[in-house]
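Summary of structural features
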Amino acid sequence: MCLTKLVTTQRANAPEVIVVSLLPQTSSHFERTLTHSKIRHEVVGVRSTVDLPRAIAFIARLIRAEKPDCLQGWLYYGDLIATLGLLVSGRRRSTRLCWGIRCSELDVDQYNRQLKYAISACTKLSRFPDAIIANSFAGRAAHERLGYQSDKLAVIHNGIDVDLFRPLPAKQTSCGFDLKLSQSKPLVGIAGRVDPQKDYSTFLRIVDQLPDVNFIAAGKDTTTLPRRGNLRAVGICEDMPRYLASLDLFICTSAFGEGFPNVIAEAMACGTPVVTTNVGDAAVIVSDNGRVCEVGDARALSDNINDLLNEVEGERQRRSAKAREHIVGNFSLDRMIQAFDRLYHNGITSASPGSSSQVTA
């Protein structure tokens, strides 16, 4: 999402961009957006590690042909193949290389071993990029511990489109799904694919502990979750701004690996209160505008959900307004884009946890 926003947002002196997708074409929302914006989009079609040499050769040929000023990797495999492709191209001295880190501490044992090898290879190659950009302070610290070149690490927090994610009038706040749930009960939502990182087991314990609250789960494979009388799982949601604005409260139960959990900031931009686990930069995003609990603590999460749902109307309105103000002031899309543009023009300076966008002119 952030990569798509970065390359498609109209602005003065925007760079000419070619986006290379390693995976096969899927006709996803992001690919459709690139096409609609007339961004050149090349698809390599990697299906397994056997295809990696072909991907490296593809990138090398593209670099020789286009002679880019800068090559930006995105995620571990993107960083790895961008680096190897650039080295093979023979244009390392002419093209600047940036890496993109989008997570913090992953539990690699939860995933296939190829990911572990890719992270290890990136650690060894981290002397090559000119800049390594994490989307969170937690991600930067985690990769310093892995052995990444610390003098090249900086932070640019993700940017939220605050014109798209905004509070809606009460008459427009139906989430768009036929939930068949009692409208007299508050509605608490979660969003994310079913994955060990998202810790849906803790979420289900919360659902069981709060029978007087209705819950909705949106995201890939959520329809496979065990059924509960007060839970509706709706699968992939195509209209996240409407979904988040319709909730009485949003919850994030992630257990590990998050860098900058977009959906927390998106919910806050919609004026929706948030209760979250302390993962990645969640506490930085929420600040004092919601509640942050320890990972896996279903009881603390449930208690804090109850507290916020029971706030008096005036206090709730103040919290909602302050939450949106915090996102607009610190994590807007414009701030992210300006930081990346400064990076591409001027490189990085030292980064500290004092502000949201840490790449400066």
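As a reminder, the structure under discussion sits directly above these lines.
The paragraphs below set out a description of the structure included in this document. (Residues numbered from 1 in each chain as written. Predicted model: local features only at pLDDT ≥ 70, side-chain atom pairs only at ≥ 80, totals over all residues. Heavy atoms only, no water.)

1. Remarks on the packing of helix H4 (residues 75-89) against helix H5 (residues 113-125)
For clarity, the cut-off: Orientation is described by lines fitted to C-alpha atoms, with helices fitted over the stretch in contact, and by angles between N-to-C directions that extend from 0 to 180 degrees. Only DSSP runs of H or I with at least four residues qualify as helices, and only runs of E with at least two residues qualify as strands; both kinds are numbered from the N terminus onward. Here the word oblique covers every angle except those under 35 degrees (roughly parallel), over 145 (roughly antiparallel) and from 65 to 115 (roughly perpendicular). Each helix crossing is assigned a hand: it is left-handed if the near helix lies turned anticlockwise from the far helix by less than a right angle, otherwise right-handed if that turn is clockwise. We call two residues in contact when some of their heavy atoms are within 4.5 Å.
Where H4 meets H5, the axes come as close as 9 Å, and the angle between the chain directions of the two elements is 50°. With respect to H5, the axis of H4 lies oblique. At the point where H4 passes H5, the crossing takes the left-handed sense. Side by side, H4 and H5 meet where Tyr76, Tyr77, Asp79, Leu80, Thr83 and Leu84 of the first sit next to Gln114, Leu115, Ala118, Ile119, Ala121, Cys122 and Leu125 of the second.

2. Some details on helix H7 (residues 200-209)
Counting along an α-helix, one turn takes 3.6 residues, and residues three or four places apart therefore face a common direction. Test applied: Accessible area is worked out with a 1.4 Å probe on protein chains only. A residue is then buried under 20% of its type maximum, exposed over 50%, and partly exposed in between.
Among the residues of H7, those classed as buried are Tyr200, Thr202, Phe203, Leu204, Ile206 and Val207. Those residues of H7 that are buried lie in contact with strand S7 (187-191), strand S8 (214-218), strand S9 (231-235), strand S10 (249-252) and helix H11 (298-309).

3. What to know about the pattern of salt bridges
Note the threshold: Here a salt bridge means any side-chain nitrogen of Lys or Arg lying within 4 Å of a carboxyl oxygen belonging to Asp or Glu.
Enumeration according to the criterion identifies 15 salt bridges in this entry. A salt bridge links Asp307 to Arg291; the nearest nitrogen and oxygen atoms lie 3.4 Å apart. With a gap of 16 residues between them, Asp307 in helix H11 and Arg291 in strand S12 (residues 291-293) connect regions that are remote in the sequence. Owing to a relative accessible area of 25%, Arg291 belongs among the partly exposed residues under this scheme. A salt bridge links Arg318 to Glu315, with the shortest nitrogen-to-oxygen separation between them at 3.0 Å. Linking Arg318 with Glu315, this pair stays in helix H12 (residues 313-330), spanning three residues, or about one helical turn. Looking at Glu315, the relative accessible area reads 31%, which means it is partly exposed. One salt-bridge network, in which partners are shared between bridges, spans Arg40, Glu42 and Glu66.

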